[in-house]
Amino acid sequence: MNAPPKAIAGTSTFLDERLGAGSFLKRNLRKIFPDHWSFLLGEIALYSFIILLLTGTFLTFWFKPGMGHTTYLGSYAPLYGVQMSEAYASTLHITFDVRGGLLIRQMHHWAALLFVAGMMVHMLRVFFTGAYRKPRELNWLIGVLLLSLALVEGLTGYSLPDDLLSGAGLRITQGVALSIPIVGTYISFFLFGGEYPGHDVISRFYSLHILLIPGILLALISAHMILMWVQKHTQMPGKGRTESNVVGAPFYPAFMAKAGAFFLFTFGVIALLGTFAQINPVWLYGPYTPADISAGSQPDFYMGFLEGSLRLMPAWEFNLFGYTFAMSVLIPALVPLGIVMTGLALYPFLEQWVTGDRREHHVCDRPRNNPHRTAIGMAGITFYGVLWLLGANDEISSTFHISLYTTTILGRIAIFVGPAIAYFVAYRICIGLQRKDAEVLSHGVESGVIKRMPNGQYIEVHTPPAEDIAAHIRGKKEIPIIEGGVDGEEVPPKGLRSGVGRLRAKMSKAYGTDHVPFHEEEVEEHAAVGAGEHKQLH
Amino acid sequence: MIGTGISVKSTTARRRHPLARVAVVALALGLLGGGYALAAPNGSTADAAIASGKADDTAQGKSLFVAHCASCHGMNAEGTDKAPTLIGVGAAAVDFQVSSGRMPMGDAGPQALRKPRPEWATDEAISQLAAYVQSLGGGPTIPTADQVDPAQGDPAKGGELFRANCIQCHNFTGSGGALTYGKHAPTLNPATPTEIYEAMITGPQAMPVFNDTTISPEQKRDMIAYITHVRKQVDPGGSGLMRIGPVTEGLVAWIAGIGLLSLAAIWITAKRRRVKA
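Reading the values: the criteria
Residues numbered from 1 in each chain as written. Chains lettered and ligands numbered in written order. Predicted model: local features only at pLDDT ≥ 70, side-chain atom pairs only at ≥ 80, totals over all residues. Heavy atoms only, no water. Helix = DSSP H or I, 4+ residues; strand = E, 2+ residues; numbered from the N terminus. Buried < 20%, exposed > 50% of the residue type's maximum accessible area, 1.4 Å probe, protein only. Contact = heavy atoms within 4.5 Å. Areas by Shrake-Rupley, 256 points an atom, 1.4 Å probe, with all protein chains shown as cover. Lys, Arg positive; Asp, Glu negative; His and termini not counted. Charge placed at Lys NZ, Arg CZ, Asp CG, Glu CD. Buried area = accessible area lost by both parts, 1.4 Å probe. Salt bridge = Lys/Arg side-chain N within 4 Å of Asp/Glu carboxyl O. Polar contact = N/O pair within 3.5 Å; in protein donor to acceptor, adjacent residues only side chain to side chain. Nonpolar A, V, L, I, M, F, W, Y, C, P; charged D, E, K, R; others polar. Pairing = 2+ DSSP bridges. pLDDT = per-residue confidence, 0-100. Phe/Tyr/Trp six-rings, centres within 6.5 Å; stacked < 30°, edge-to-face > 60°. Lys NZ or Arg CZ within 6 Å of the ring centre and 35° of its normal. Axes fitted to C-alpha atoms, helices over the stretch in contact; angles between N-to-C directions. Parallel < 35°, antiparallel > 145°, perpendicular 65-115°, else oblique. Left-handed = near helix turned anticlockwise from the far one by under 90°. Domains from an automatic or database assignment. Expected span 1.5 Å × (residues − 1).

1. Notes on the overall build of chain B
Looking only at helices and strands, chain B features 12 helices and 2 strands. Going from the N terminus to the C terminus, chain B shows its helices and strands as α-α-α-α-α-α-α-α-α-β-β-α-α-α. Within the span of chain B, comprising 277 residues, buried residues form 42% of the whole. Of the contacts made within chain B by residues no fewer than 6 positions apart, 58% connect residues no fewer than 24 positions apart. When the accessible area of chain B is evaluated, it comes to approximately 14900 Å², of which 62% is carbon and sulfur surface.

2. Points about the overall build of chain A
Helix and strand counts for chain A come out as 19 helices and 9 strands. If you line up chain A on its principal axes, its C-alpha atoms span 95 × 80 × 60 Å. Summarising the internal contacts of chain A: among those between residues at least 6 apart in sequence, 75% fall at separations of at least 24. Of the roughly 26400 Å² of accessible surface on chain A, a fraction of 68% belongs to carbon and sulfur atoms. When the 41 basic and 41 acidic side-chain charges of chain A are each reduced to a single mean position, those positions are 5 Å apart.

3. Structural notes on the interface of chain A and chain B
Listed as interface residues are 67 residues of chain A and, on the opposing side, 54 residues of chain B. Around 4900 Å² of area is buried between chain A and chain B when both sides are counted, 70% of it from carbon and sulfur atoms. The largest per-residue losses of area from chain A upon contact with chain B belong to P78(A), Q278(A) and L284(A), which jointly make up 13% of the total buried on that side. At the junction of chain A with chain B, the criterion picks out 0 salt bridges. There are 11 residue pairs in polar contact (both at pLDDT 80 or more) connecting chain A and chain B. Counting only elements with at least two residues in the side of chain A that touches chain B, the list comes to α3 (41-60), α5 (101-128), α7 (164-179), α10 (251-276), α11 (282-285), α15 (393-400) and α16 (404-443) of chain A. Here the element with the most residues in the side of chain A that touches chain B is α10(A); it accounts for 12 residues. By residue class, the composition of the side of chain A that touches chain B is 44 nonpolar, 17 polar and 6 charged.

4. Description of the pairing of strand β8 (residues 458-463) of chain A
Pairing analysis gives 5 bridges linking strand β7 (residues 445-452) of chain A to β8(A), with the strands arranged antiparallel. Directly across from V445(A), in β8(A), lies its bridge partner T463(A).

5. Regarding unusual backbone geometry
Here Y252(A) and P253(A) are connected by a cis peptide whose omega angle stands at 5°. Here P253(A) is to be found in helix α10. Here the bond from M103(B) into P104(B) is cis, since omega is -5°, no more than 30 degrees from zero. Tracing the backbone through its elements, the reader meets P104(B) in the loop between α6 (90-99) and α7 (123-137). In the Ramachandran plot, N280(A) falls in the positive-phi region, its phi being about 45° despite a non-glycine side chain. Inspection of the secondary structure puts N280(A) in the loop between α10 and α11. On the basis of relative accessible area, N280(A) is assigned to the buried category, the value being 7%. Although it is not a glycine, H401(A) sits at a positive phi angle of roughly 55°. Looking at the secondary structure, you find H401(A) in the loop between α15 and α16. Residue classification places H401(A) among the exposed residues on the basis of a relative accessible area of 56%.

6. A look at the confidence of the model for chain B
The predicted coordinates should not be examined in detail at positions where pLDDT is low. Averaged over chain B, the pLDDT score is 85; the fraction of residues at 70 or greater is 84%. pLDDT under 50 marks residues 41-46 of chain B. Its contacts with residues more than four places away, or in other chains, come to 4 contacts.

7. A short note on the packing of aromatic side chains
Taken as a whole, this structure holds 34 aromatic pairs over all chains when the rule is applied. Consider the rings of F63(A) and Y206(A), whose centres lie 5.5 Å apart with planes at 45°: the pair is tilted. Highlighted residues: F63(A) in the loop between α3 and β2 (69-71) and Y206(A) in helix α9 (residues 201-231), separated in sequence by 143 residues. Across the pair, exposure class does not vary: F63(A) and Y206(A) are buried alike. Their ring planes at 50° and their centres at 5.4 Å tell us that Y132(A) and W140(A) sit as a pair that is tilted. Given a relative accessible area of 1%, Y132(A) falls into the buried group. Put simply, the rings of F301(A), Y302(A), F305(A), Y384(A), W388(A) and W254(B) pair up and form one aromatic cluster. Positioned above the aromatic ring of F518(A), the side-chain terminus of K476(A) is 4.9 Å from the ring centre. Note that K220(B) overlies the ring of Y197(B), its terminal NZ or CZ placed 5.6 Å from the centroid.

8. Remarks on the packing of helix α6 (residues 137-159) of chain A against α9(A)
Residue and element names in this part refer to chain A. The interhelical angle for the contact between α6 and α9, taken along N-to-C directions, is 160°, at an axis separation of 9 Å. With respect to each other, α6 and α9 are oriented roughly antiparallel. The two elements α6 and α9 meet at a crossing, and its hand is left-handed. Residues of the contact of α6 with α9, tallied by class, amount to 18 nonpolar, 7 polar and 1 charged.

9. Overview of the domain arrangement of chain A
Residues and elements named next belong to chain A. The domain architecture assigned to chain A consists of domain 1 (30-289) and domain 2 (442-536). Taking only C-alpha atoms into account, the centre of domain 1 sits 45 Å from that of domain 2. Opposite the 5 residues of domain 1 that make contact, domain 2 presents 5 residues. Both faces combined, the contact of domain 1 with domain 2 buries some 440 Å², and carbon together with sulfur accounts for 58% of it. When the buried area of domain 1 at its contact with domain 2 is split by residue, P237, K239 and E243 rank highest and sum to 77% of it. Scanning the region where domain 1 abuts domain 2 turns up 2 salt bridges. Among the salt bridges present, the one from E243 reaches K477, with a minimum N-O distance of 2.8 Å.

10. Quick notes on α10(A)
The first and last C-alpha atoms of α10(A) sit 35 Å apart over 26 residues, in line with the 38 Å expected at 1.5 Å per residue. Along α10(A), the positions that sit buried rather than exposed are F251(A), A254(A), F255(A), K258(A), A259(A), F262(A), T266(A), V269(A), I270(A), L273(A) and G274(A).

11. Some details on the pattern of salt bridges
What the rule picks out here adds up to 18 salt bridges over all chains. In this structure, K476(A) and D514(A) form a salt bridge, with 2.9 Å as the shortest nitrogen-oxygen distance. Within this pair, whereas K476(A) is found in the loop between α17 (467-474) and α18 (499-512), its partner D514(A) is found in the loop between α18 and α19 (520-529), the two being separated by 38 residues in sequence. On the basis of relative accessibility, which here comes to 13%, the residue K476(A) falls in the buried class. In this structure, K220(B) engages D212(B) in a salt bridge whose closest nitrogen and oxygen atoms are separated by 2.6 Å. The class of K220(B) is buried, set by a relative accessible area of 0%. Judged by its relative accessible area of 41%, D212(B) is partly exposed. The network of salt bridges with common partners includes R133(A), E351(A), D365(A) and R373(A).

Here it is as structure tokens:
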């Protein structure tokens, strides 16, 4: 083998002696990443964030974050000569008079939607596979924080153009601030620098949107990645996969190529959407004036669930000690957000408390193998989904010709009944799938070969499942149950005597009980019989 | 005949004249041809004729009314328990409702919907019907072609009025929106400039009336200029996604965006490195 050219060898030695880069790379380039398509979902968010930084920087070159009055004299005729703010005028300038401006603006907005959507699907993957369990609870918390910040980043972002739609969102934001008892008016005056809308809010949101929140996002994303790197990636159960190894491809070259390709895919999809699908056409909305409001004013999708909860809420308010408590705004603004975000943040710890499980987990659960967790997740999705859907109830009403009030009333029922139904259905589906798994292990797979026996009987030959599928199914792990206190025979342990303790023991039993245990002996027996095994047709 | 100064006898004699038939046919053809020449090529002349409620149009209109409208609105347009009186609604209301196919109403829903016109409802028939209803008690008349000409309006001024007065029901781009009790504000895209003007001055269905003191005729023309300009605009950013804002955008982000990227993820990870045995 030839020695490397002097230019390369010299430079790398120089760097190596000063940075210790060689040993670092040697250790980390061979890091193994497991292969499963759902492990790439988080990368949608990561790459969208990179595209957001790049396109966002481009937009800052022309955007003027001011609320000073100006007259539009640009090339969009239906707004020529109209009075508007500098922010809106500069957005129109980017859209119609900067080369490539509209494309970059649209890519920025689509990337923002995919950033949040990517985080959501990634989070659902982590939730349903139990990948948040010890030792990854802190990374899960960072993820919840990232999602919450992304919502704020989105809100400040789509408020910046100062068009009529974003103004509607800003007005609701102010309404929420006002609804906070006692301090509401102070918060509103502080945020807007005086009476709504004032002259400050756009430039304040601009600082938050391009400096503070992206900075925190970047720091948290880095922490998220470093933790993931240090703790190693989880893997789905399968052949040869244990709690102490990772089966997959090394970072260099295989995973790097895949990740690079996936970045290009993300970029491609965002460019495709930015080119062919119009998003946030601010020129159609017109400049913001507090007096105007349009039908079909919805926020971006990730704020839709808050819009929906506001639309569902009955008009409840009362006066106390001379203060108005506007529950019709306060409850929909804070309660669903609180349920969703707090629920997400606490779930790993609640689960540990219920199961008493302090072990480390590096092999994921298949969603069916923890039916209660899956059912709780589906109930949460339904709760969120009903609110989200009802955020668009006027569009649903006018598109499908359903009375507007009917959608509201159905929504008020569905928000309570829907999650319960979803819980039950998801639970039953999980148990059903587990039974199917058990059957595959104990009876094998239908081969499609029909045999006629000498006595005239027909049977279908069943073959044992493929080795990797069987290993995947056998990856099911028991969920621990905390000991004692349940059957009432013995004195319960110390922590479980109180009411809360008894409830904990009860929940633990419900959460952990395996209703479909595999009969491994039977599987052994079948494996011994081998390919000629037959099973009677029912 | 009584009071005309012409004796019945002489009229009868003229009727029996050998050339009478020819004369009557010639007169009928002349009226038809002349009327057509007056009405057809230039809408404004016809509009003016209707506005003044020309007698024979009124008579024709009445027979159309009796045939197609009277079963609900009453024999003399006095209204029934099924439908309101039409006395005083004006020619503009008739032209709006019938030309957009809303009347005659198909089935009783929360509101009358735009649909293809019935065969009898030609432009001429509508103008006769409008003349008849106008003759009953006046009311807003059909605007002239000048009044609704988008080319003479200022779309920028119209846009401001449009945003202040229309979009809370009809949406930013006139795509329509929901109202209470199953009603909805329809999309403005299929409406002609004349229909838009007439809707403003007559306030059909759930819509309020925007009379000339609220919004002057010039301002109405500006609004028509804005509406027609924006609706024929080619969306510069690609597909307009129904122009209803973030709802369809969110659907596209999830279905097309996350869908395509999930497929890409499945495709990328489907190719595994062969593990050496």
